[in-house]
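# Chain and residue survey
Each chain, written out:
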Amino acid sequence: MNILVTGGAGFIGSNFIYYELAAHEDKVICLDLLTYAGNISTLSTAMQNEKFKFIKGDITDRVFVYDLFKREKPDIVVNFAAESHVDRSIETPEIFLQTNIIGTGVLLDACRKYGIKRYHQVSTDEVYGDLPLDRPDLFFTEDTPLRTSSPYSASKAAADLLVQAYHRTYGLPVSISRCSNNYGPYHFPEKLIPLMIINALNDKQLPIYGTGRNVRDWLYVEDHCQAIDLIVRKGQEGEIYNVGGHNEKTNLQVVEMILKYLHKPYELIKFVTDRPGHDRRYAINPAKINDELDWQPKTRFNEGMKKTIKWYLAHRDWWQKIIDGSYKDYYAKMYEDK
Ligand code: NAD
Ligand code: TYD
């Protein structure tokens, strides 16, 4: 089979490509625009694999995407390509609408035109909005209403609705996964965990938004990749699967864990102005994927965090180039007045 992975030069997409190349004999084609978040060096090992091919291009470019489908004839499409950072969506929402909504629409049209076995949309638990901090009994299920908070999550929810509409109206064989926060290798340093690891290593302040009591449900990236692989191959058409491992932590707990592991002082923490509209708590009920596909996360948080921190220690060249480049201007703009 031919698997087209869009957004495969980013964090989760690249981990998924390595997962697929190791687990199956299928051919993997990566389509990625290499935006600020895409990194071709992440795929250098995959480039040496004859089952792998990289194509640079934009999922919103209809002519280009149709031509690619005609040539490469993908059987399965897994769409990771997206603008993915909430803070950036608050600064500049337009690009989120363009990539996340229009781009998804173009891919769906290409699937209709050329035919595929499965289109899989990599979505997020953020489409459900947030949960109150004083109700630990509440969790997101696949039936929780969509109630988005940020331009990012709104654009992801809109894309999910399009995917469902193409299933209902055109009978397109689709599936959707909604996962909680991921962490692991190749995570772009603008996101909480890599940002805090790198700042701590450089003895820079660790900017925690608001009180640090907001809760995220963390999952090691390889567990997410395995879940997507299962859904694409064994999950039911037209279905949504929530993915998560009941691993809720406050942001402060996560940051303290990083400081402890790196033997850095608590005084590096700086509480800064909160994110507008900041979602309080995300928490997934993964019963459906547990029951139907027998999926369970394999990596415990302590072990996953150790692996992740070790990875950042061993791959300074990967992230140093990022923090020395145009990301430097982003960091100055976003954090200097906080
Ligand atoms: P990322 O920002 O690290 O990677 C996104 C990739 O998409 C980059 O390689 C970028 O170059 C590419 N891209 C952007 N616009 C493109 C376009 N127009 N055409 C082609 N490629 C384009 O994101 P990520 O964290 O790996 O997230 C991947 C997907 O998973 C996203 O759809 C996101 O919504 C979803 N998700 C992420 C998390 C998380 O914790 N990171 C959790 C749940 C779901
Ligand atoms: P993030 O990694 O941006 O993921 P998301 O907002 O999509 O869940 O942020 C995770 C949590 O960490 C979120 O509650 C915001 C918080 N955060 C900080 O406190 N400081 C930071 O510098 C960043 C980037 C995030």
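These remarks concern the structure in this document. As a convention, each chain's residues are numbered from 1 in the sequence order in which they are written. Both sets of labels track the order of writing: A upward for chains, 1 upward for ligands. Reporting of local features is limited, given that this is a predicted model, to residues whose pLDDT is at least 70; pairs of side-chain atoms are given and counted only at 80 or more, and all residues count toward the totals for whole chains, interfaces and linings. By convention in this description, side-chain values take in all heavy atoms of the structure and omit both hydrogens and water.

### Considerations on the site of ligand 1
Formally: The cutoff for a nearby residue is simple: one of its non-hydrogen atoms must lie within 4 Å of the molecule or strand. Each polar contact in these results corresponds to two N or O atoms within 3.5 Å; when the atoms are within protein, one needs to be able to donate a hydrogen and the other to accept it, and residues that are neighboring in sequence are counted only if both atoms are side-chain atoms. Reported accessibility uses the Shrake-Rupley method at a 1.4 Å probe radius. Residues are deemed covered only where the shown protein chains occlude them. Helix and strand labels come from DSSP, where a helix needs a run of H or I of at least four residues and a strand needs a run of E of at least two; each type is numbered from the N terminus.
Taken together, 28 residues surround ligand 1, and among them I12, D32, S84, Y152 and K156 come closest. One nitrogen or oxygen atom from the main chain of G10 is found 2.9 Å from an oxygen atom belonging to ligand 1. In the model, an oxygen atom of ligand 1 is placed 3.5 Å from a nitrogen or oxygen of the L34 main chain. A total of 840 Å² of accessible area belongs to ligand 1 in isolation, and the protein chains cover 97% of it. Going through the elements one at a time, helix 1 (11-23), strand 5 (118-124) and helix 6 (151-170) are the ones with two or more residues in the shell around ligand 1. If one sorts the elements of the shell around ligand 1 by residue count, strand 5 sits on top with 3 residues.

### Quick notes on the pairing of strand 5
In the case of a regular strand, side chains alternate between the two sheet surfaces. Put simply, the test is: Think of it in three bands: with a 1.4 Å probe and only protein chains considered, a residue is buried below 20% of the maximum accessible area for its type, exposed above 50%, and partly exposed in between. Strand pairing is assigned whenever DSSP identifies at least 2 bridges connecting the two strands.
Among the 7 residues of strand 5, 7 are classified as buried, and the element is accordingly described as predominantly covered. Neither face of strand 5 is exposed, since R118, H120, V122 and T124 on one face and Y119, Q121 and S123 on the opposite face are all buried. Note that strand 4 (residues 76-79) and strand 5 share 4 bridges and pair parallel. Across the sheet, I76 pairs through a bridge with R118, a residue of strand 5.

### Regarding the site of ligand 2
Our working rule: Note on residue classes: Ala, Val, Leu, Ile, Met, Phe, Trp, Tyr, Cys and Pro are nonpolar, Asp, Glu, Lys and Arg are charged, and everything else, Gly too, is polar.
Neighbouring residues of ligand 2: 19 residues in total, closest E126, R216, R275, H278 and Y335. Here P207 contributes a backbone N or O atom positioned 2.8 Å from a nitrogen atom of ligand 2. Within the contact set of ligand 2, an oxygen atom lies 2.9 Å away from a side-chain nitrogen or oxygen of N251. Within the complex, the protein chains bury 97% of what would otherwise be the 510 Å² of accessible surface of ligand 2. Counting only elements with at least two residues in the shell around ligand 2, the list comes to helix 7 (192-201) and strand 8 (206-209). Counted by class, the shell around ligand 2 contains 9 nonpolar, 5 polar and 5 charged residues.

### What to know about the packing of helix 9 (residues 251-262) against helix 11 (residues 301-314)
Our working rule: A fitted line through C-alpha atoms represents every axis, and for helices the fit uses only the stretch in contact; the resulting angles, taken between N-to-C directions, go from 0 to 180 degrees. Every angle not falling under 35 degrees, over 145, or within 65 to 115 is termed oblique; those three ranges are roughly parallel, roughly antiparallel and roughly perpendicular. Two helices crossing with the near one rotated counterclockwise from the far one by less than a right angle form a left-handed crossing, whereas a clockwise rotation gives a right-handed crossing. In this description, contact between two residues means that some pair of their heavy atoms is separated by no more than 4.5 Å.
One can describe the packing of helix 9 onto helix 11 by two numbers: an axis separation of 11 Å at closest approach and a directional angle of 60°. Put simply, helix 9 runs oblique to helix 11. Where helix 9 crosses over helix 11, the handedness of that crossing is right-handed. For the pair formed by helix 9 and helix 11, the contact residues are V254, M257, I258, Y261 and L262 on the first element and F301, N302, M305, K306, I309, K310 and L313 on the second. Partitioning the contact of helix 9 with helix 11 into residue classes produces 9 nonpolar, 1 polar and 2 charged.

### A few points about helix 7
Along helix 7, 9 of the 10 residues are buried, which leaves the element largely enclosed by surrounding structure. Those residues of helix 7 lying buried are I193, P194, L195, M196, I197, I198, N199, A200 and L201. Among the structural elements, strand 7 (182-183), strand 8, helix 9, helix 11, helix 12 (316-324) and helix 13 (327-335) are those in contact with the buried residues of helix 7. Of the residues flanking the end of helix 7, it is D203, one or two places downstream, whose phi is positive at about 55°.

### Considering the packing of aromatic side chains
For clarity, the cut-off: Side-chain rings of Phe, Tyr and Trp (the six-membered ring for Trp) are treated as a pair once their centres are within 6.5 Å; stacked means planes under 30 degrees apart, edge-to-face means over 60, and tilted covers the remaining angles. Sitting over a ring, as applied to charges here, requires NZ of Lys or CZ of Arg to be within 6 Å of the ring centre and within 35 degrees of the ring normal.
Applying the stated rule across the entire model yields 21 aromatic pairs. Grouping aromatic residues by their ring pairs yields a cluster made of Y36, F188, Y209, Y327, Y330, Y331 and Y335. Taking NZ or CZ as reference, R88 lies 3.5 Å from the ring centre of Y36, over its face. Just above the ring of F139 sits the side chain of R281; from NZ or CZ to the centre is 5.4 Å.

### As for the sheet that holds strand 3 (residues 52-56)
The pairing of strands in a sheet happens through backbone hydrogen bonds and is either parallel or antiparallel. Ordered in space as 3-2-1-4-5-6-11, the 7 strands form an open sheet in which the pairing is parallel. At either end of the open sheet lies a strand with only one pairing partner, and these are strand 3 and strand 11 (239-243). When strand polarity is set aside, the average angle formed by the axes of neighbouring strands in this sheet is 20°. Sheet topology note: the strand 2 (residues 27-32)/strand 3 ladder contains 5 bridges and is parallel. When the bridges of strand 3 are listed, I29 appears paired with K53. Where helix 6 meets the sheet, its contacts fall on strand 5, strand 6 (174-179) and strand 11, and the angle it forms with strand 5 comes to roughly 155°.

### A look at the packing of helix 3 (residues 62-72) against helix 5 (residues 94-114)
With their axes 10 Å apart at the nearest point, helix 3 and helix 5 run at an angle of 40° to one another. Overall, the two elements helix 3 and helix 5 adopt an arrangement that is oblique. As for how helix 3 packs across helix 5, the hand of that crossing is right-handed. Two secondary-structure elements touch here, helix 3 through R62, V65, Y66, F69 and K70 and helix 5 through V106, L107, D109, A110, C111, K113 and Y114. Split into classes, the residues belonging to the contact of helix 3 with helix 5 amount to 8 nonpolar, no polar and 4 charged.

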